[in-house]
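Summary of the model geometry
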Amino acid sequence: MNGNNGTNGNAWHWSYWLLILVCLVTFFVPFYNRIEPTLFGFPFFYWFQLGWILVSMIVTAFAYYITEQHEKSR
Amino acid sequence: MPLNITALIVFVLFFALVTFVGFASVHWRRGDMDLLHEWGLAGGKFGTLITWFLIGGDIYTAYTFIAVPALAFGAAGGAIAFFAVPYTIIIYPFVFAVFPRLWSVSRARGYITSADFVRGRYGDRWLALAIAVTGILATMPYIALQLVGLEVVIAAMGVQLQGFLVYLPLIISFAILAAFDYFSGLRAPAAIAVIKDLMIYITVFAAVIVIPARVGGWETIFSSVPQERLLLPDNFGSYTGYATLFLGSAMALFLYPHSVTGILSSSSRHVIRRNAALLPAYSFLLGLIALLGFMALAAGVQQNPAYASGFSQFSNNFAVPALILDVFPGWFVGFAFAAIGIGALVPAAIMSIAAANLFTRNIYREFINPNCAPRVESQMAKSTSLVVKVGALLFIILLPQQYAIYLQLLGGIWIIQTFPTIIFGLYTRWLDPKALLVGWAVGMVLGTWMGASIGFRPIYPLEIFGMTIPAYVAIYSVLANFALAVALSAVFNASAKSRADETVPADYAAQGSGVGGMGH
């Protein structure tokens, strides 16, 4: 009925801790609520959050590739 | 505002293009439109790229494009508008880990809506009904608000009709939308989303290249924001407010029916997981869109008498249209406004299809006409989708715009009440359906009351243990909901535990190659 031969694609993987870390940093708002250091004229508050998006994309892509073997249907 | 002929011509041309695409899309991966699964979920055939365009087009709406910068621009706003960025940062890891489970169990069991899942998981039609009704209620104001985005850009092109005719462009746009939706189902907004998203990316990138060069660099842009609004206030309440606002928004987003529809129309778990890594590109775009609000301040559009009528009619929502008019030549104005306008149609289409799926499956088929034929089911969904659009149009025409905004706020508070049932349900059957129903009801009432008591603003200053903790109403209400559901579940489980559950653990990891009974 579901063709995955009993492997569990939902199993926890250590790379998920990185994802949790990305989220935890995001919650720590006082840390990034500042102007200095600026980058290309952007206050830290703004460039850090934009940059953190890119970091989260990389971490998620990493988690995807490294867990992909668990997901592949035989 | 004088009529901007060049812009209008370009605008109409792009609308004609998407109208054609909307109707033509019925041939794309052709399916039987008399099956709800084909009409309402496009047969579940969308691969990574199309899903990226569809969900992106779904989530990043015309209203987003107008309202987020308006928040950055306005006197009460500033840095807080950027909540849209961390909100989307935390949501994609959540999607990555959690939503493949919903996809899998839905494929294994033939579910088309989240309420279908609840019905199957808990065996309780009343809990499923609560979930369905919540989804429909939360979606309606969202559709209405897309019309606001469309209204603003039409007015910004100087289209000034008298009396009732002022609504004619809106009515025409929505009539076209209703027609190709009826005809092609989800394939229409998916195809159009490709066009719309490309246009939005082009527009925003053009803006962030041209405008800073025009006004003297990013330093100038940020220095035109009053100091006290450039950052969040440095106090405890400001931080709890910001953090709970983006947490609550993130928890709610993928519970909305249109997000679930986007997920379930994907062809595999891989598609969802890949998109969790790729969709944040739109978040980056959203951050830049928020900064358009600051650019509007730097360009001094509020002081410019040419835009005075626009601001008096639409207040801060006119910031982005004014900015675009100020900086770009007529033909690009038409292009940018068409991007926003089409950006209203795509989510409105998906939202109305999603609401129609819910009504048809979880109200009509469940309570009114069980065992109806597939064609009847599909026909009912098509009709419902039409009714929903007409309803949204009437809402915007007849009621003050502010009501739509209040209802949208409430909608976010309502939809989050489905979090315990759906998200915990994907992992465990421990929570009792009746307990969840009580929790849901309490969360709905409490959240609505809290929101109303502070004048339909999102942050509620809760006074507890001698402290005042301002936090997003949705968070407080869903915590109460969850706490109650847990407490009551412990009680109910001790006496007569409800065991109904048609799913099995393997369902939640299903790859979807099985027969699954979709569209039966």
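Residues numbered from 1 in each chain as written. Chains lettered and ligands numbered in written order. Predicted model: local features only at pLDDT ≥ 70, side-chain atom pairs only at ≥ 80, totals over all residues.

Each helix and strand in chain A was counted, giving 3 helices and 0 strands. Ordered by position from the N terminus, the helices and strands of chain A form the series α-α-α. When each of the 74 residues of chain A is scored for burial, the buried share is 28%. Nonlocal contacts in chain A, meaning residues at least 24 apart in sequence, comprise 65% of its contacts between residues at least 6 apart. (Helix = DSSP H or I, 4+ residues; strand = E, 2+ residues; numbered from the N terminus. Buried ≥ 20, exposed ≤ 12 C-beta atoms within 10 Å, placed from the backbone. Contact = placed C-beta atoms within 7 Å.)

Counting secondary structure elements, chain B contains 23 helices and 2 strands. For chain B, whose C-alpha radius of gyration is 23 Å, the value lies close to the compact-globule estimate of 24 Å for 520 residues. Taking the principal axes of the C-alpha coordinates as reference, chain B spans close to 70 × 60 × 40 Å. Considering only contacts within chain B whose residues lie at least 6 apart along the sequence, 86% involve residues at least 24 apart. (Rg over C-alpha atoms; globule rule 2.2 N^0.38 Å.)

Our focus in this paragraph is the interface of chain B and chain A. Contact with chain B, which involves 43 residues of that partner, is made by 36 residues of chain A. Broken down by secondary-structure element, the contributors of at least two residues to the side of chain B that touches chain A are α5 (84-109), α10 (217-223), α12 (236-253), α14 (269-278) and α15 (280-298) of chain B. Residue classes in the side of chain B that touches chain A are distributed as 29 nonpolar, 7 polar and 7 charged. (Nonpolar A, V, L, I, M, F, W, Y, C, P; charged D, E, K, R; others polar.)

Here is the key point about a regular strand: its side chains alternate between the two faces of the sheet. All names here are of chain B. With 6 bridges connecting them, strand β1 (residues 459-464) and strand β2 (residues 467-472) associate as antiparallel partners. Counted as the bridge partner of Glu-463 is Thr-468 from β2. Hairpin remark: β1 followed by β2, antiparallel, with 2 residues in the connecting loop; positive phi at Phe-465, about 50 degrees. (Pairing = 2+ DSSP bridges.)

Once that is clear, we can look at unusual backbone geometry. Of the consecutive residues Glu36(A) and Pro37(A), the connecting peptide bond is found in the cis state with omega at -5 degrees. Its place among the elements puts Pro37(A) in the loop between α2 (29-32) and α3 (44-71). One non-glycine residue, Ala42(B), lies in positive phi territory at about 50 degrees. Relative to the helices and strands, Ala42(B) is located in the loop between α2 (36-41) and α3 (48-59). Using a count of 29 C-beta atoms within 10 Å as the deciding quantity, one classes Ala42(B) as buried.

Residues and elements named next belong to chain B. Running from N to C, α3 and helix α9 (residues 187-215) cross one another at 80 degrees; their axes reach a closest spacing of 8 Å. Accordingly, the angle class assigned to the pair α3 and α9 is roughly perpendicular. Packed against α3, whose contacting residues are Ile-50, Phe-53, Leu-54, Gly-56 and Gly-57, the element α9 presents Pro-189, Ala-190, Ala-193, Val-194, Lys-196 and Asp-197 at the interface. For the contact of α3 with α9, the class distribution of residues is 7 nonpolar, 2 polar and 2 charged. (Axes fitted to C-alpha atoms, helices over the stretch in contact; angles between N-to-C directions. Parallel < 35°, antiparallel > 145°, perpendicular 65-115°, else oblique.)

Attention now goes to the nonpolar core. Met295(B), Ala296(B), Leu323(B) and Phe337(B) are the most contacted members of the largest nonpolar core, which has 205 residues in total. Top contributing element to this core by residue count: helix α18 (residues 330-368) of chain B, with 22 residues. (Core = buried A, V, L, I, M, F, W, Y, C linked by C-beta atoms within 7 Å.)

All right, on to the confidence of the model for chain B then. Residue and element names in this part refer to chain B. Averaged over all residues, the pLDDT of chain B equals 89, while 98% of them reach at least 70. A low-confidence stretch, residues 514-520 stays under pLDDT 50, and its non-local contacts, those more than four residues away or across chains, total 19 contacts. Both scores are available for the predicted complex, with the pTM at 0.89 and the ipTM at 0.86. (pLDDT = per-residue confidence, 0-100.)

All names here are of chain B. Counting through the fold element by element, His-258 comes out in helix α13 (residues 257-264). The spatial distance from the C-alpha of His-258 to the C-alpha of Gly-443 is 22 Å, given a sequence separation of 185 residues. Dropping the residues within four chain positions of it, His-258 is found in contact with Asp-58, Thr-139, Pro-347, Ile-350, Met-351 and Ala-354.

Before going further, it helps to examine the environment of Cys23(A). Relative to the assigned elements, Cys23(A) resides in helix α1 (residues 15-27). Among the residues examined, Cys23(A) registers 19 C-beta atoms within 10 Å and is labelled partly exposed. C-alpha of Cys23(A) to C-alpha of Ser56(A): the two residues are 33 residues apart in sequence and 8.6 Å apart in space. Contacts of Cys23(A), omitting those with residues within four sequence positions, involve Ile90(B) and Pro93(B).

This part is about α18(B). All names here are of chain B. Taking 1.5 Å per residue, 39 residues should reach 57 Å; α18 reaches 53 Å between its end C-alpha atoms and fits that length. Its axis deflected by about 30 degrees at Thr-360, α18 carries its strongest bend there. For α18, the buried fraction is high: 31 of the 39 residues fall into the buried class. (Expected span 1.5 Å × (residues − 1). Bend = angle between axes of the 7 residues up to and from the residue.)

Take the confidence of the model for chain A next. In this model, chain A carries a mean pLDDT of 83, and residues with pLDDT of at least 70 account for 80%. Between residues 1-6 of chain A, whose pLDDT stays under 50, and residues either more than four places distant or in other chains, the model counts 19 contacts.

The next thing to look at is helix α7 (residues 125-156) of chain B. In a regular helix each residue adds 1.5 Å, so 32 residues correspond to 46 Å; α7(B) covers 48 Å between its end C-alpha atoms and thus fits that length. Counting buried positions along α7(B) yields 26 of 32 residues, so the element is predominantly enclosed.

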